Amino acid sequence: MAAITRLVKRASPSLSSTAARRLFCSESSSHAPPHEHFHAPPRKDPKDRNVQWVFLGCPGVGKGTYASRLCNLLGVPHIATGDLVRHELASKGPLSSQLSEIVNQGKLVSDEIIINLLSKRLADGEAKGESGFILDGFPRTINQAEILEGVIDIDLVVNLKLQEEALLAKCLGRRICNQCGGNFNVASIDIKGENGSPGMFMAPLLPPANCMSKLITRADDTEDVVKERLRIYNEMTQPLEEFYRSRGKLLEFNLPGGIPESWPKLLQALNLDDYDEKRSAAA
Ligand SMILES: Nc1ncnc2c1ncn2[C@@H]1O[C@H](COP(=O)(O)OP(=O)(O)O)[C@@H](O)[C@H]1O
């Protein structure tokens with residue numbers, strides 16, 4: 001983390017993508033030799049774990065939901081580059097009109113802008129004494145992954161997977177409370193199992209009564225834009241699975257259903273189930 005902050009300070013105020021790469025890559029990095037197989041994280045208290053994790057997964061898979069739950073459990077910040085972009089858009093700063101055009105077409109923002117936003121967020125966090133993180137939505141291209149690898153050792157990459165049929169419906173059902181910022185989903189997903197593939201039911205995640213009248217839909221959660229985001233994910237982001245698999249860092253996780261079924265299984269896969277039980281018992 002300190003590495004990226006030092007670089008930001010040197011690169012400030014504006015960072016071109018080539019300058020960012022040059023600066024990022026000038027830091028000595030510890031490249032682990034590629035491993036054949038992923039080993040589940042060791043069962044130890046998260047306080048003793050290095051939580052520098054990445055969440056991968058298609059739009060609508062629930063990266064934000066699970067990443068933010070894990071961050072609450074582990075006491076590390078949830079850093080979602082989509083949120084950083086939306087924050088920048090809402091601030092009506094110099095980048096916002098350029099960004100809104102890109103985001104509302106479902107395209108990717110340039111590496112230069114994204115790295116700038118992420119670097120500032122990491123630097124602000126470091127100044128506040130944060131340590132560790134779960135990154136959600138970054139990296140999204142091989143180029144971004146290589147830049148990240150040059151400065152930060154990522155311990156674990158969780159690749160969340162969900163049946164494709166559910167993804168579009170989940171994006172279209174997404175709602176945000178414009179007062180408390182809570183994320184909800186009004187979609188009720190009921191996929192019938194056929195030809196050997198399992199069925200799946202995901203109940204809606206409804207807001208409490210006081211948020212009901214304040215729900216908004218993201219401007220990029222329309223059918224055409226979601227389809228374009230899914231297409232871009234498959235083209236630009238999916239290759240990251242192999243990138244991290246070959247480094248022994250990828251944990252594949254097929255979501256078996258909604259939060260009640262998936263959350264305990266995800267904790268098991270991360271060897272965090274004991275920890276969660278101890279915390280709940282102490283609460
Ligand atoms: N790492 C990134 N690289 C490029 N663009 C990004 C990145 N992260 C977020 N964005 C931009 O912000 C938008 C919203 O991101 P996000 O909330 O992560 O969406 P999704 O629901 O598709 O995963 C993306 O469609 C893209 O325009």
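The structure contained in this document is the topic of the report that follows.

Rules of the game
- Residues numbered from 1 in each chain as written.
- Predicted model: local features only at pLDDT ≥ 70, side-chain atom pairs only at ≥ 80, totals over all residues.
- Heavy atoms only, no water.
- 1 Å grid on protein atoms, 1.4 Å probe; cavity = no way out; pocket = protein on both sides within 12 Å on 5 of 7 lines; lining within 4 Å.
- Points joined across faces, edges and corners; volume = space filled by probe spheres on them.
- Nonpolar A, V, L, I, M, F, W, Y, C, P; charged D, E, K, R; others polar.
- Helix = DSSP H or I, 4+ residues; strand = E, 2+ residues; numbered from the N terminus.
- Core = buried A, V, L, I, M, F, W, Y, C linked by side-chain atoms within 4.5 Å.
- Buried < 20%, exposed > 50% of the residue type's maximum accessible area, 1.4 Å probe, protein only.
- Contact = heavy atoms within 4.5 Å.
- Polar contact = N/O pair within 3.5 Å; in protein donor to acceptor, adjacent residues only side chain to side chain.
- Phe/Tyr/Trp six-rings, centres within 6.5 Å; stacked < 30°, edge-to-face > 60°.
- Lys NZ or Arg CZ within 6 Å of the ring centre and 35° of its normal.
- Pairing = 2+ DSSP bridges.
- Axes fitted to C-alpha atoms, helices over the stretch in contact; angles between N-to-C directions.

For the rest of this paragraph, the subject is empty space enclosed by the protein. Going through the model one piece at a time under the given rule, you end up with 3 cavities of 30 Å³ or more. One number sums up the size of the largest cavity: a volume of about 70 Å³. Around the largest cavity, the lining residues are Phe55, Leu56, Gly57, Pro59, Lys63, Gly137, Phe138, Pro139, Arg140, Tyr233 and Thr237. Along the lines of polarity and charge, the residues of the lining of the largest cavity split into 6 nonpolar, 3 polar and 2 charged. In this structure, the second largest cavity encloses a volume near 60 Å³. Lining the second largest cavity are Ala145, Leu148, Glu149, Ile152, Ile154, Phe243, Tyr244, Arg247 and Lys249. Looking at the lining of the second largest cavity, the elements that each hand over two or more residues are α7 (142-151) and α10 (239-245). Here the element with the most residues in the lining of the second largest cavity is α7; it accounts for 3 residues. Broken down by class, the residue content of the lining of the second largest cavity amounts to 6 nonpolar, no polar and 3 charged.

Estimates place the volume of the second largest pocket at around 230 Å³. In this structure, the second largest pocket is lined by Leu84, His87, Glu88, Leu95, Glu112, Ile113, Asn116, Leu117, Lys120, Arg121 and Asp124. Taken together, the elements giving at least two residues each to the lining of the second largest pocket come down to α4 (81-90) and α6 (111-127). The element best represented in the lining of the second largest pocket is α6, accounting for 7 residues. Across the lining of the second largest pocket, the residue classes break down as 4 nonpolar, 2 polar and 5 charged.

Ranked by internal contacts, the top residues of the largest apolar core, which has 66 residues, are Trp53, Leu70, Ile134, Tyr244, Leu270 and Leu272. In this structure, Ile134 is in contact with Val51, Trp53, Phe55, Ala67, Leu70, Cys71, Val76, Pro77, His78 and Ile79, ignoring residues within four places of it in sequence.

If you trace the backbone, Asn159 turns up in strand β4 (residues 156-161). Accessibility expressed as a relative area gives 1% for Asn159, which makes it buried. A distance of 3.2 Å separates polar atoms of two side chains, one belonging to Asn159 and the other to Glu241. A distance of 2.9 Å separates polar atoms of two side chains, one belonging to Asn159 and the other to Glu252. Residues in contact with Asn159, not counting those within four places in the same chain, are Leu56, Gly57, Tyr233, Glu241, Leu250, Leu251, Glu252 and Phe253.

The subject of this paragraph is the packing of aromatic side chains. Within the structure shown, the criterion is met by 1 aromatic pair. Centre to centre, the rings of Phe243 and Tyr244 are 5.0 Å apart; their planes meet at 85°, and the pair counts as edge-to-face. On the accessibility criterion, Tyr244 (3% relative accessible area) is buried. In this arrangement the basic side chain of Arg69 is found over the ring face of Trp263, its NZ or CZ atom lying 5.1 Å from the centre. Cation over ring: Arg247 sits above Phe243, and NZ or CZ is 3.7 Å from the ring centre.

This part covers the sheet that holds strand β6 (residues 183-185). The 3 strands are arranged β6-β5-β9 in an open sheet whose pairing can be described as antiparallel. Strand pairing shows two members of the sheet lacking a second neighbour, β6 and β9 (215-216), which therefore form its edges. Here strand β5 (residues 174-177) runs beside β6; their pairing, made up of 3 bridges, is antiparallel. If you follow Arg175 over to β6, its bridge partner there is Phe184.

With that out of the way, let us pick up the sheet that holds strand β10 (residues 250-254). Judged by pairing direction, the sheet is parallel, and its 5 strands sit side by side in the order β2-β3-β1-β4-β10 without closing on themselves. The open sheet has two edge strands with one neighbour each: β2 (78-80) and β10. Strand-to-strand twist across the sheet, computed as the mean angle between neighbouring axes with direction ignored, equals 20°. As defined by bridge partners, strand β1 (residues 52-56) adjoins β4 across 4 bridges and the pair is classed as parallel. Counterpart to Trp53 in the pairing with β4 is Leu156. Against the sheet, helix α3 (residues 63-74) contacts β1, β2, β3 (133-136) and β4, and its axis sits at roughly 160° relative to β1. Docked against the sheet, α4 engages β2 and β3, running at close to 65° with respect to β2.

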